[in-house]
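Fold and contact review
One letter stands for each residue in the lines below.
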Amino acid sequence: MMSNVTPSRLKPTVEWQVAGACNYDCSYCIQSKRYRKGRPDSVQMDSALRAFAALPGTWEIKCSGGEAFAHPLFMSQIVPGLMEQTPHHISVLTNLSATRPELMRFAALTRGRLRVFSASLHLEFTALQDFIDKATWLVDQLDLDVDFVVNQVVFPGQEAQAAACRDAIEAVGLRWFPQLYKVNGGVAEFGPELERLIGARPANRAPNFQGLRCWAGVHYFAVDKDGRAWSCRSAKREKQGLLGNIFDGSFERWTQSRACPYTICPCTVPRNRGMIEGAA
Ligand code: SF4
Ligand code: SF4
């Protein structure tokens with residue numbers, strides 16, 4: 001298939017919400033409590049694994065939730081299935097509440113195939129020092145080339161608290177990524193303190209790429225907890241770009257890029273992985 005995407009940056013990627021349910025209940029969670037439930041069953045997971053195995057080439061499957069490790073099938077079926085039945089790489093976004101034995105087993109199962117381990121710091125449910133101790137311990141269990149990053153939601157007016165966490169995390173050599181609090185799909189309004197907090201670090205800005213040709217839906221898609229595959233997060237928000245369902249076999253990717261119709265792009269993957277033509 002012809003493609004104008006940047007080949008050196010192109011990394012086909014799935015963002016997979018393996019579970020809706022979470023073992024935390026953060027007051028600021030962008031997933032409403034009503035929506036934050038559900039754990040697909042074993043038969044559905046088999047269908048998902050078959051759909052991923054059928055993807056051409058090597059993709060990165062980014063597992064998130066809810067909380068992925070809180071799904072009882074994550075360590076017994078999902079991760080082993082991805083490793084045994086597909087050629088793909090795996091990444092995970094977690095609140096790091098899994099036990100150390102579970103994390104050790106995850107590191108062993110995914111050895112050589114794990115790309116990004118994103119650990120989110122939620123101070124309503126964990127103490128900063130406990131989190132840092134576990135994170136530094138875990139980094140020692142992982143391959144050297146795994147990109148380990150600590151995410152933290154940053155709120156307007158709470159930059160000082162975030163700065164204290166940032167300093168403690170960076171002091172032990174971990175990478176800190178500010179997740180700017182979102183409202184209505186876009187980033188909340190911050191004052192000048194934000195730039196002092198972030199400096200030159202990347203953050204989850206939400207730029208406008210309306211009109212640019214985008215390969216989301218072809219080289220990237222997002223799967224929700226019900227198995228529905230969406231061409232991107234904006235498309236899902238607008239209830240557009242449905243690519244079918246990976247649980248019932250109706251999933252099909254687009255074959256061509258499309259002009260972005262949205263005024264906000266909250267999807268960092270297509271942008272960072274060279275799928276939006278003309279985006280910086
Ligand atoms: S850990 Fe994440 S998914 Fe779970 S309640 Fe907190 S913000 Fe929501
Ligand atoms: S919102 Fe972003 S990912 Fe979605 S179509 Fe537009 S540019 Fe592509």
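Placed above this text is the structure.
Here's a quick rundown of the structure.

**Focus: the overall build of the protein**
Check the secondary structure of the protein and you find eight helices and 13 strands. Projected onto its principal axes, the C-alpha coordinates of the protein cover approximately 50 × 45 × 40 Å. Look at the contacts in the protein between residues 6 or more apart in sequence, and 75% of them connect residues 24 or more apart. Charged side chains of the protein number 32 positive and 27 negative; the gap between the two group centres comes to 4 Å.

**As for the packing of aromatic side chains**
This structure, assessed with the given rule, holds eleven aromatic pairs. Note on Tyr24 and Phe125: the rings are 4.7 Å apart at their centroids and 15° apart in plane angle, and the pair reads as stacked. With a gap of 101 residues between them, Tyr24 in the loop between β1 (13-17) and α1 (42-53) and Phe125 in the loop between β4 (114-121) and α4 (128-141) connect regions that are remote in the sequence. Since its relative accessible area comes to 37%, Phe125 is described here as partly exposed.

**Some words on the site of ligand 2**
Taken together, Phe209, Cys214, Ala216, Cys232, Ser234, Cys260, Tyr262, Ile264, Cys265, Cys267, Pro270 and Ile276 make up the full set of residues adjacent to ligand 2. Here ligand 2 is seated within the second largest pocket. Looking at the shell around ligand 2 residue by residue, the class counts come to eleven nonpolar, one polar and no charged.

**Regarding the packing of α1 against helix α2 (residues 74-85)**
Two elements in contact, α1 and α2, have axes whose closest approach is 10 Å; the angle formed by their N-to-C orientations is 30°. The angle between α1 and α2 places the two elements in the roughly parallel class. In terms of crossing hand, the pair formed by α1 and α2 is right-handed. On α2, the residues touching Ser42, Met45, Asp46, Leu49, Phe52 and Ala53 of α1 are Gln77, Ile78, Gly81, Leu82 and Gln85. Taken together, the residues of the contact of α1 with α2 sort by class into six nonpolar, four polar and one charged.

**Thoughts on the pattern of salt bridges**
A full pass over the atoms with the stated rule returns eleven salt bridges. For Arg111, the salt bridge identified is with Asp143, shortest N-O distance 2.9 Å. Placement of Arg111 in the loop between α3 (100-109) and β4 and of Asp143 in the loop between α4 and β5 (147-154) is noted, with a sequence separation of 32 residues between them. Linking Glu170 and Arg201 is a salt bridge whose minimum nitrogen-to-oxygen distance equals 2.8 Å. Taken together, the positions of Glu170 in helix α5 (residues 159-171) and Arg201 in the loop between α6 (193-198) and β9 (213-214) put the pair 31 residues apart, joining distant regions of the chain. A relative accessible area of 24% places Arg201 in the partly exposed class. Overlapping salt bridges bring together Asp25, Lys33 and Arg36 as one network.

**A short note on the site of ligand 1**
If you check the shell around ligand 1, you find Cys22, Tyr24, Asp25, Cys26, Cys29, Arg36, Gly66, Asn95 and His122 and nothing else. Here the shell around ligand 1 is composed, by residue class, of four nonpolar, three polar and two charged.

**Overview of the nonpolar core**
By size, the foremost hydrophobic cluster in this structure holds 63 residues, and its most contacted members are Trp16, Phe52, Phe74, Leu82, Phe106, Phe117 and Phe221. Tallying contributions element by element places α2 first for this core, with six residues. Ignoring any residue separated from it by four or fewer positions in sequence, one finds Trp16 in contact with Met45, Ala48, Phe52, Ile61, Lys62, Cys63, Ser64, Ile78, Leu82, Val223 and Ile246.

**Re α1**
Over its twelve residues, α1 extends 16 Å from the first C-alpha to the last, a length consistent with the 16 Å expected when each residue adds 1.5 Å. The complete set of buried residues in α1 reads Met45, Ser47, Ala48, Leu49, Ala51 and Phe52. Looking at the buried residues of α1, the elements they touch are β1, β2 (60-64), α2 and β10 (220-223). For α1, the side-chain oxygen to backbone nitrogen distance between the N-cap and Val43 is 3.2 Å, and the N-cap itself is Asp41.

**A short note on the environment of Val146**
Relative to the elements of secondary structure, Val146 occurs in the loop between α4 and β5. Accessibility expressed as a relative area gives 11% for Val146, which makes it buried. Setting aside anything within four residues of it in sequence, one finds Val146 in contact with Leu114, Arg115 and Phe117.

**A short note on unusual backbone geometry**
Generally, phi is negative for residues other than glycine and the peptide bonds are trans, each holding for most cases. Looking along the chain, the bond that leaves Gly65 and enters Gly66 is cis, with omega of 20°. Positive phi outside glycine occurs at Leu96, with the angle close to 65°. With respect to the helices and strands, the residue Leu96 is situated in the loop between β3 (89-94) and α3. With a phi angle near 55°, Lys239 is a residue other than glycine that sits in the positive phi range. Relative to the helices and strands, Lys239 resides in the loop between α7 (233-237) and β12 (242-245). On the basis of relative accessibility, which here comes to 69%, the residue Lys239 falls in the exposed class.

Calculation rules
Residues numbered from 1 in each chain as written. Chains lettered and ligands numbered in written order. Predicted model: local features only at pLDDT ≥ 70, side-chain atom pairs only at ≥ 80, totals over all residues. Heavy atoms only, no water. Helix = DSSP H or I, 4+ residues; strand = E, 2+ residues; numbered from the N terminus. Contact = heavy atoms within 4.5 Å. Lys, Arg positive; Asp, Glu negative; His and termini not counted. Charge placed at Lys NZ, Arg CZ, Asp CG, Glu CD. Phe/Tyr/Trp six-rings, centres within 6.5 Å; stacked < 30°, edge-to-face > 60°. Buried < 20%, exposed > 50% of the residue type's maximum accessible area, 1.4 Å probe, protein only. Near = heavy atom within 4 Å. 1 Å grid on protein atoms, 1.4 Å probe; cavity = no way out; pocket = protein on both sides within 12 Å on 5 of 7 lines; lining within 4 Å. Sits in = over half its atoms within 2 Å of the grid points. Nonpolar A, V, L, I, M, F, W, Y, C, P; charged D, E, K, R; others polar. Axes fitted to C-alpha atoms, helices over the stretch in contact; angles between N-to-C directions. Parallel < 35°, antiparallel > 145°, perpendicular 65-115°, else oblique. Left-handed = near helix turned anticlockwise from the far one by under 90°. Salt bridge = Lys/Arg side-chain N within 4 Å of Asp/Glu carboxyl O. Core = buried A, V, L, I, M, F, W, Y, C linked by side-chain atoms within 4.5 Å. Expected span 1.5 Å × (residues − 1). Polar contact = N/O pair within 3.5 Å; in protein donor to acceptor, adjacent residues only side chain to side chain.

These results come straight from atomic positions and should not be treated as a statement about function.
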